Each structure stands twice: as structure tokens, then as C-alpha cells.
Amino acid sequence: MCRNIKTLFNFDPPVTEEEIRAASLQFVRKITGFNKPSKVNEQLFQDAVDQVAGISTRLLLSLETTAPPRDREVEAARAKARAAQRFGD
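Residues numbered from 1 in each chain as written. Predicted model: local features only at pLDDT ≥ 70, side-chain atom pairs only at ≥ 80, totals over all residues. Heavy atoms only, no water.

Student: In this structure, what is going on with the overall build of the protein? I would like to understand it.
Tutor: Across its full length, the protein holds three helices and two strands. Moving toward the C terminus, one meets the helices and strands of the protein in the order β-α-α-β-α. C-alpha atoms of the protein, sized along the principal axes, occupy 45 × 35 × 15 Å. Looking at the protein residue by residue over its 89 residues, the buried ones come to 17%. (Helix = DSSP H or I, 4+ residues; strand = E, 2+ residues; numbered from the N terminus. Buried < 20%, exposed > 50% of the residue type's maximum accessible area, 1.4 Å probe, protein only.)

Student: Is there a simple way to explain the layout of surface pockets in this structure?
Tutor: The gaps of empty space that remain are located by a probe, the size of a water molecule, rolled over the atoms. Here the second largest pocket is characterised by a volume of approximately 240 Å³. Around the second largest pocket, the lining is made up of 13 residues, and of these Ile-5, Lys-6, Leu-8, Ala-23 and Ser-56 lie nearest the centre. For the lining of the second largest pocket, the secondary-structure elements that each account for two or more residues are helix 1 (17-32) and helix 2 (39-62). (1 Å grid on protein atoms, 1.4 Å probe; cavity = no way out; pocket = protein on both sides within 12 Å on 5 of 7 lines; lining within 4 Å. Points joined across faces, edges and corners; volume = space filled by probe spheres on them.)

The structure is reproduced here in C-alpha cells:
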């Protein structure tokens, strides 16, 4: 999976539309191999991002869990610590 796509489910505060759109853009970039599509493919590319974002939003709103929501700041600190351990300061 693309390293730039982050887990979006079960966080406090909840995921935003912008975060879903950013993850959708990263997904479409990854599967197409395009960072920026050509003019001829631009509309298809944007349509795909819109569709992935819509499906992702519906999925995230439909999922259920009994686990307490994760705190974004705590998770970010953990990720930073893992990166520092893995790659050094």
C-alpha cells in the first residue's frame, strides 16, 4: 500500500472530506502511475478520484466498531517514534 495513504477509520476527531479526498488522490495516482495526468486523461483521472472518495466516504460511514476512537495526536507521535527508530533522527 502507498505510504501516503493513512488509516482514516475510528479517529477522534473524525476523518474530514479533505482527508478522504487526499487518500483517494494518492490511491488513483498509485494505480495509474500518474502524478499528474495528461490533458487527455485529466477528466477521467478526476472522475476516478471523485468515485473513490465517494465509495470511501460511504464505507467509512458504514463501518462499526466497539473499540474506542484513536487519538490523532497520540497516533502521530507513535508513528514519528517508529520512523525515528527505523530511520534514525
